[in-house]
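The chain contents come next:
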Amino acid sequence: MKTLAEFKASLNSDQPAADLSAPLKSLWYDGKGDWHQAHAQVDHLNDQASAWVHAYLHRKEGDSHNADYWYNKARQTRPQLPLETEWEQLVVQFL
């Protein structure tokens, strides 16, 4: 999978592709509307990419304080973008 369009098309599947990284699996589950499963993919990880996705998920949840903590761990700042735009940017970043 190399493009955002391919990633979005994969959301029609029942399971994410086996070779996706944890951040991409998280974004895949989020794209399917399963926030809890998305969170479970990155909640236990400490790498920068996972922290960035973790931050996005808490932003989506509406927990700005927790989101800012994770954005800081990811060395990012909370964007002033629609959530859908951030989701797409994260997918492209990690593909």
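Residues numbered from 1 in each chain as written. Predicted model: local features only at pLDDT ≥ 70, side-chain atom pairs only at ≥ 80, totals over all residues. Heavy atoms only, no water.

A. Structural view of the overall build of the protein chain. For the protein chain, the count of helices and strands is six helices and zero strands. For the protein chain, the α and β elements follow one another from N to C terminus as α-α-α-α-α-α. On C-alpha atoms alone, the protein chain measures out to a radius of gyration of 12 Å, which is about the 12 Å that the 2.2 N^0.38 rule sets for 95 residues. Along the longest, intermediate and shortest principal axes, the C-alpha atoms of the protein chain span 35 × 25 × 20 Å. When each of the 95 residues of the protein chain is scored for burial, the buried share is 39%. Relative to all contacts within the protein chain whose residues are 6 or more apart in sequence, the contacts with residues 24 or more apart total 41%. When the accessible surface of the protein chain is totalled, it reaches about 5400 Å², and 46% of it is carbon and sulfur. (Helix = DSSP H or I, 4+ residues; strand = E, 2+ residues; numbered from the N terminus. Rg over C-alpha atoms; globule rule 2.2 N^0.38 Å. Buried < 20%, exposed > 50% of the residue type's maximum accessible area, 1.4 Å probe, protein only. Contact = heavy atoms within 4.5 Å. Areas by Shrake-Rupley, 256 points an atom, 1.4 Å probe, with all protein chains shown as cover.)

B. Region of interest: helix 2 (residues 22-31). The element helix 2 is largely enclosed, with a buried count of seven among its ten residues. Taken together, the buried residues of helix 2 touch helix 1 (4-10), helix 3 (35-42), helix 4 (48-61) and helix 6 (83-94). The first or second residue beyond helix 2 is G33, which carries a positive phi of 90°.

C. Focus on the packing of aromatic side chains. For the structure on display, the rule yields four aromatic pairs. Considering the side-chain rings of W28 and Y29, the 5.1 Å spacing of their centres and the 90° angle between planes classify their relative orientation as edge-to-face. Both residues of the pair, W28 and Y29, count as buried. With centroids separated by 5.7 Å and ring planes inclined at 85°, the aromatic side chains of W52 and F94 adopt a geometry described as edge-to-face. Taken as a pair, W52 in helix 4 and F94 in helix 6 lie far apart in primary sequence, 42 residues in all. (Phe/Tyr/Trp six-rings, centres within 6.5 Å; stacked < 30°, edge-to-face > 60°.)

D. How the structure looks around the environment of K8. With respect to the helices and strands, the residue K8 is situated in helix 1. On the basis of relative accessibility, which here comes to 34%, the residue K8 falls in the partly exposed class. On a C-alpha basis, the gap between K8 and K60 in space is 19 Å, while along the polypeptide they are 52 residues apart. If sequence neighbours within four positions are ignored, K8 has contacts with W87 and E88. Looking at K8, its side chain comes within polar contact range of the side chain of E88, at 2.5 Å. (Polar contact = N/O pair within 3.5 Å; in protein donor to acceptor, adjacent residues only side chain to side chain.)

E. Structural detail: the side chain of S10. In this structure, S10 sits in helix 1. For S10, the side chain forms a polar contact with the side chain of W28, separated by 3.1 Å. Among residues more than four places away in sequence, those in contact with S10 are M1 and W28.

Keep in mind these numbers describe shape, not what the thing actually does.
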